[in-house]
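Each chain, letter by letter, is given below.
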Amino acid sequence: MLKNERGIAGMSVKGVIGTVLDTAVKIVLIIVVVTYTYKYAMQAYGFGYRIFAEQPASSEETAKAISISVAKEASVMEIGTVLEEKGMIQDARLFYLQELLLGYHGKIKPGIYEISSDMTAEEMLAVMSVEVTEAEDEEEPGAAEPSDKTDGTKENGGAETGETAEETEDAKAGQEEGGTEAEDAEAMPEGGEAE
């Protein structure tokens, strides 16, 4: 019987050691999973938070302004990469997601834009997404007033060089009433007189 008791005791010690090792391995795996889950959850939260609360790349005092040309075929990721390289934003991937989630998806217009590094990505998207129409120009309080230029031309109201704000308004009124002379000429029959 002594031999059987040692065999049973020997097996129970091996069983206890095996159980302890098995439990230790499970605990280590759980700790690793929890650690990595926490780490990546915090990164995901931070990234998600930045989509809606991103701060400008620099303060007003240290801001720099650039002109950026957006081509018709440029993707949002390409625009974001250029902005990141120029120091205007902190992350091109974040810029892409902001365009997608902040209501600017598909609204970026080709053109040349003046932006500053003290603007948020959302403000930059707003600038690049603005579509100015004649109706909006007329509704804006300062749109029909000449700027501080000494020659009396408007700075951003659509006037050609040397044309005053009044001449531009008269030309717009003429276009609204009967169209331009070129349009009238195209609309006439070949006989020369309109019926």
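As the structure is a prediction and not an experimental result, all values here were calculated from the model.

Criteria and thresholds
- Residues numbered from 1 in each chain as written.
- Predicted model: local features only at pLDDT ≥ 70, side-chain atom pairs only at ≥ 80, totals over all residues.
- Heavy atoms only, no water.
- Buried < 20%, exposed > 50% of the residue type's maximum accessible area, 1.4 Å probe, protein only.
- Helix = DSSP H or I, 4+ residues; strand = E, 2+ residues; numbered from the N terminus.
- Arc of directions from axis to C-beta.
- Polar contact = N/O pair within 3.5 Å; in protein donor to acceptor, adjacent residues only side chain to side chain.
- Pairing = 2+ DSSP bridges.
- Contact = heavy atoms within 4.5 Å.
- Core = buried A, V, L, I, M, F, W, Y, C linked by side-chain atoms within 4.5 Å.
- Axes fitted to C-alpha atoms, helices over the stretch in contact; angles between N-to-C directions.
- Parallel < 35°, antiparallel > 145°, perpendicular 65-115°, else oblique.
- Left-handed = near helix turned anticlockwise from the far one by under 90°.
- Nonpolar A, V, L, I, M, F, W, Y, C, P; charged D, E, K, R; others polar.

Asker: Let's hear about helix H3 (residues 92-101): which residues, and what values?
Answerer: For H3, the full list of buried residues reads Ala92, Leu94, Phe95, Gln98 and Glu99. Within H3, the buried residues cover an arc of 155° as seen down the axis, which keeps them to one side. Between a side-chain oxygen at the N-terminus of H3 and the backbone nitrogen of Arg93 the separation is 3.0 Å; the capping residue is Asp91. The first or second residue beyond H3 is Gly103, which carries a positive phi of 90°.

Asker: Can you break down the pairing of strand S1 (residues 65-70) residue by residue, with the values?
Answerer: Alternating residues of S1 divide into Ile66, Ile68 and Val70, all buried, and Ala65, Ser67 and Ser69, none buried. Taken together, the six bridges between S1 and strand S2 (residues 111-116) define a ladder with antiparallel strand orientation. For Ile66, the partnering residue across the bridge sits in S2 and is Ile115.

Asker: Would you mind going over the environment of Asp91 in detail, with residue names and values included?
Answerer: Note on placement: Asp91 falls in the loop between helix H2 (76-85) and H3. Along the sequence, Asp91 and Ala57 sit 34 residues apart, while their C-alpha atoms lie 9.7 Å from each other. Contacts of Asp91, omitting those with residues within four sequence positions, involve Phe47, Arg50 and Glu84.

Asker: An account of helix H4 (residues 121-129) is needed here, citing residue identities and associated values.
Answerer: By the burial criterion, the buried members of H4 are Ala121, Met124, Leu125, Met128 and Ser129. When H4 is viewed along its axis, its buried side chains cluster within an angular range of 130° and face the same direction. Those residues of H4 that are buried are in contact with S1, H2, H3 and S2.

Asker: Provide a residue-level description of the nonpolar core, including the pertinent values.
Answerer: Counting residues in hydrophobic clusters, the biggest one holds 19 residues, and the most contacted among them are Ile79, Leu83, Phe95, Ile108, Ile115, Met124 and Met128. Within the residue set of this core, elements represented by two or more residues are S1, H2, S2 and H4. The dominant element in this core, judged by the number of residues it contributes, is H4, at four residues. Ignoring anything within four residues of it in the chain, the contact list for Ile79 reads Ile68, Val70, Ala74, Phe95, Ile108 and Met128.

Asker: Talk me through the packing of H2 against H3; I want residue IDs and the actual numbers.
Answerer: For the pair H2 and H3, the least separation of the axes is 8 Å and the interaxial angle reads 135°. Between H2 and H3, the angle is such that the two are oblique. Here the hand of the crossing between H2 and H3 comes out right-handed. Residues Val76, Met77, Ile79, Gly80, Thr81, Leu83 and Glu84 of H2 pack against Ala92, Arg93, Phe95, Tyr96 and Glu99 of H3. Looking at the contact of H2 with H3 residue by residue, the classes come out as seven nonpolar, two polar and three charged.

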